[in-house]
Amino acid sequence: METVIFALIFFALIMVSVGLHEIGHMVPARLFGVKVPRYFIGFGPTIFSRQIGETEYGLKAFPLGGFVQLLGMYPPGSKRHGKPSRLMQLADAAREQEWEDISEVDVANSRLVYQKKTWQKVTMMFGGPFMNIMLAFFIFWGIGAVYGTWQSQTEISYVQPCVKTAGDTSSTCTAADAQSPAAAAGIQPGDRIVSFNGIKINSFDQLSGLIRANLENQALIVVERAGTQIELPAVNTMIGQVASEWDPTTTVSAGYLGVTPKQELVHGGPLDALGQMWTMTKQSAVALAKFPVSVYFVIVDMVTGQPRSLASPLSIVGASRIAGEAAASDQVSADAKFVLFLSLLGSINLFLAIFNMVPLPPLDGGHIAGAAYEWLRRKGAKLLKKADPGPFDTAKLLPVAYAMGGFLLLCGVVLIIADVVNPIQLF
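Being a predicted model, the structure only gives us computed values, none of them experimental.

A. Examining helix α11 (residues 364-383) more closely. Helix length check: α11 (20 residues) gives 29 Å between terminal C-alpha atoms against 28 Å at 1.5 Å per residue, within 8%. Looking at the buried positions of α11, the neighbouring elements they touch are α1 (2-31), α4 (118-147) and α10 (334-356). The first or second residue beyond α11 is Lys385, which carries a positive phi of 55°.

This is the structure we're talking about:
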């Protein structure tokens, strides 16, 4: 029951994030004078709604997202001769439906999106992702400032004694196993690495990058031991399979030393939060590029009964379930539960922002790309001293939007089913 309660709380917080995303669109739209007829959380039949001013606010039956209607996304169609193509028929049908809500007063008062300047369109579309970015930023900043984050230090807590041959899963070193480079150099637990190949070490992340780039070349290491700096015997690092910095689910060939850093809980500020978000952004970009393939493997694991990969994508249901299990678990302390709960919420907000910036309709990035194309087309016409081509007819992109929407709906359904019948097991 505790798991269900915390899962529902987390789900509600995600819906709050979605609602704030839509407010991120609505606020600049109103500042620029755009008419906003509807603001809803969820999709499907309306459960509740209330008219406040010119906007209808409400809740739909399926709380798996939300939307805000900004009037005038599709400009009026140009006059054409002959029978329109199926593409144009689709665009015209969507345009006619939207223009049922548009009055002559709205047009005369420039209250439509297509009438606005490019920077205003971009601001309105970016407002949603920006809201999620700010939510993620304040969540991670708050965690770092109040609780802190576990960070690797230049002090060594463990030295790997040997390197096992491929396929050997035993934990005991034998005479046949080669010493790790760290053991061969004489590094000891408690040593603090001061320099690597003459480069002063300021952080373990810096050291890790130098080791990875060193491949199997010589390494000259200086450590601080009991207050004294000691230059260790030269060794060669080895080439090993380590987790990719951009995609932790895969391994890459890189230099290997064989040390485990000491972990300390460090309090941080806004710059630390931004650094954490930048790393997550790079990893999220890779995850997005692999998203279709990842969903395919979720289906394969579900059909074959294989355990779900910890790195597989999640639906809102799956994320809520994990948050609920983490909050109800007796394997971690209460403060660690709270931090994990918030960290997961911050990660989802950041991912929502990145995902929505994909330059394909109906995502926000697709509308931004359309506005940029319109600006370039108008600037090009001006430079060539041609007539202004007018606003770009975004209704022509509806087939792409429908295809993208259908794909996302299919993926969402698959992930929800997988999160129910073959969930990720963390505990």
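B. A look at the packing of α1 against α10. It is at 11 Å that the axes of α1 and α10 come closest, and there the two elements cross at 35°. Judged by the twist between their axes, the crossing of α1 over α10 is right-handed. Judged by residue contacts, Phe6, Ile9, Phe10, Leu13, Ile14, Ser17 and His21 of α1 engage Phe341, Leu344, Leu345, Ile348, Asn349 and Asn356 from α10. Class assignment for the residues of the contact of α1 with α10 results in nine nonpolar, four polar and no charged.

C. Up close: the nonpolar core. Grouped together as the largest cluster of nonpolar side chains are 28 residues, with contacts concentrated most on Phe10, Leu70 and Met124. Where this core is concerned, the elements lending two or more residues are α1, β1 (38-52), α4, α9 (316-328) and α10. A per-element tally of this core places α1 first, with seven residues. Among the nonpolar cores identified, the runner-up in size contains 18 residues, and Ala185, Ile193, Ile221 and Leu232 belong to it.

D. Up close: the state of the cysteines. Taken as a whole and judged by the stated rule, the model has one disulfide. Disulfide pairing places Cys162 opposite Cys173 at an S-S distance of 2.0 Å. When the S-S torsion is -85°, as for the bridge of Cys162 with Cys173, the disulfide is left-handed. Placement of the pair is Cys162 in strand β4 (residues 162-163) and Cys173 in the loop between β4 and β5 (178-179), with a sequence separation of 11 residues. Looking at Cys162, the relative accessible area reads 5%, which means it is buried. Exposure remark for Cys173: the relative accessible area of 33% places this residue in the partly exposed category.

E. Summary view of a nonpolar patch on the surface. Taken together, Met1, Val4, Ile5, Leu8 and Ile9 make up a surface patch of nonpolar side chains, about 530 Å² in accessible area. Tracing the backbone shows Leu8 in helix α1.

F. Broad picture of the packing of aromatic side chains. In the structure shown here, the tally under the stated rule is 15 aromatic pairs. Taking 6.2 Å as the distance between ring centres and 25° as the angle between the ring planes, the aromatic pair formed by Phe138 and Trp141 counts as stacked. Taken together, the positions of Phe138 and Trp141, both in helix α4 and three residues apart, correspond to about one turn of that helix. Residues Phe291 and Phe407 carry aromatic rings whose centres are separated by 6.4 Å and whose planes lie at 85° to one another, so their mutual orientation is edge-to-face. A residue pair is termed long-range when its members are at least 10 positions apart, and Phe291 in helix α8 (residues 291-304) and Phe407 in helix α12 (residues 398-421) qualify at 116 residues.

G. Region of interest: the side chain of Thr154. Along the chain, Thr154 turns up in strand β3 (residues 149-159). Setting aside its immediate chain neighbours within four residues, Thr154 contacts Asp191, Arg192, Ile193, Ile201, Asn202, Ser203 and Phe204.

H. Structural view of the pattern of salt bridges. In this structure the tally under the stated criterion is 13 salt bridges. Across the pair Arg225 and Asp191 runs a salt bridge whose closest N-O atoms are separated by 2.7 Å. Here Asp191 lies in the loop between α5 (181-185) and β6 (192-196) and Arg225 lies in strand β9 (residues 221-225), a separation of 34 residues in the sequence. Here the salt bridges share partners, and the residues they tie into one network are Lys121, Glu374, Arg378 and Asp388.

I. Structural context of α8. Here α8 spans 20 Å end to end across 14 residues, near enough to the 20 Å set by a 1.5 Å rise per residue. By the burial criterion, the buried members of α8 are Phe291, Val295, Val298 and Asp301. The arc enclosing the buried residues of α8, seen along the axis, measures out at 120°, which places them on a common side. The outward face of α8, more than 90 degrees from its buried face, is lined by the exposed residues Tyr296 and Val303. Those residues of α8 hidden inside the fold are in contact with α7 (270-289) and α12.

J. Layout of the packing of α9 against α10. Taken N-terminus to C-terminus, the directions of α9 and α10 make an angle of 165°; their axes are 8 Å apart at the nearest point. Here α9 is positioned roughly antiparallel relative to α10, judged by the angle of their axes. Viewed along their axes, α9 and α10 form a crossing whose handedness is right-handed. Note on element contacts: α10 touches α9 through Lys337, Leu340, Phe341, Leu344 and Ile348, opposite Ala319, Ile322, Ala323, Ala326, Ala327 and Ala328. Per-class residue counts for the contact of α9 with α10 are 10 nonpolar, no polar and one charged.

Reading the values: rules and limits
- Residue numbering note: each chain is counted from 1, following its sequence as written.
- Reporting in this predicted model follows two pLDDT cut-offs: at least 70 for local features of residues, and 80 or more for side-chain atom pairs to be given and counted; totals over whole chains, interfaces and linings ignore these cut-offs and use all residues.
- Side-chain measures were taken over the full set of non-hydrogen atoms in the model, leaving aside hydrogen atoms and water.
- The secondary structure listing takes helices from DSSP runs of H or I that are at least 4 residues long and strands from runs of E that are at least 2 residues long, numbered from the N terminus.
- An expected span of 1.5 Å times one less than the residue number is assigned to each helix.
- Only heavy atoms enter the contact rule, under which two residues are in contact if any of them lie within 4.5 Å.
- Fitting a line to C-alpha atoms yields each axis, with helices limited to the stretch in contact; the angle taken between N-to-C directions then spans 0 to 180 degrees.
- Here is the rule for handedness: rotate from the far helix to the near one, and if that takes an anticlockwise turn smaller than a right angle the crossing is left-handed, while a clockwise turn gives right-handed.
- Each residue is assigned to one of three groups, with Ala, Val, Leu, Ile, Met, Phe, Trp, Tyr, Cys and Pro labelled nonpolar, Asp, Glu, Lys and Arg labelled charged, and all others, Gly among them, labelled polar.
- Side-chain atoms within 4.5 Å are what join buried Ala, Val, Leu, Ile, Met, Phe, Trp, Tyr and Cys residues into a set we call a nonpolar core.
- Relative accessibility thresholds used throughout: buried, under 20% of the residue-type maximum; exposed, over 50%; partly exposed, between the two (1.4 Å probe, protein chains only).
- The term disulfide is used for any two cysteine sulfur atoms that are within 2.5 Å.
- Like-charged residues are merged into a patch within 9 Å and nonpolar side chains (Val, Leu, Ile, Met, Phe, Trp, Tyr) within 5 Å, provided each residue has over 30% relative accessible area and no salt bridge.
- Only the protein chains shown count as cover for residues, with accessible areas throughout obtained via the Shrake-Rupley method and a probe of 1.4 Å.
- Salt bridges are counted wherever a side-chain nitrogen of Lys or Arg sits within 4 Å of a carboxyl oxygen of Asp or Glu.
- When two rings of Phe, Tyr or Trp (its six-membered ring) have centres within 6.5 Å they constitute a pair, described as stacked for plane angles under 30 degrees, edge-to-face for angles over 60, and tilted for the intermediate range.
- The directions considered for the arc are those from the helix axis to the C-beta atoms.
- Under this scheme an angle from 65 to 115 degrees is roughly perpendicular, one under 35 degrees roughly parallel, and one over 145 degrees roughly antiparallel; angles in between are oblique.

These figures capture arrangement, not role.
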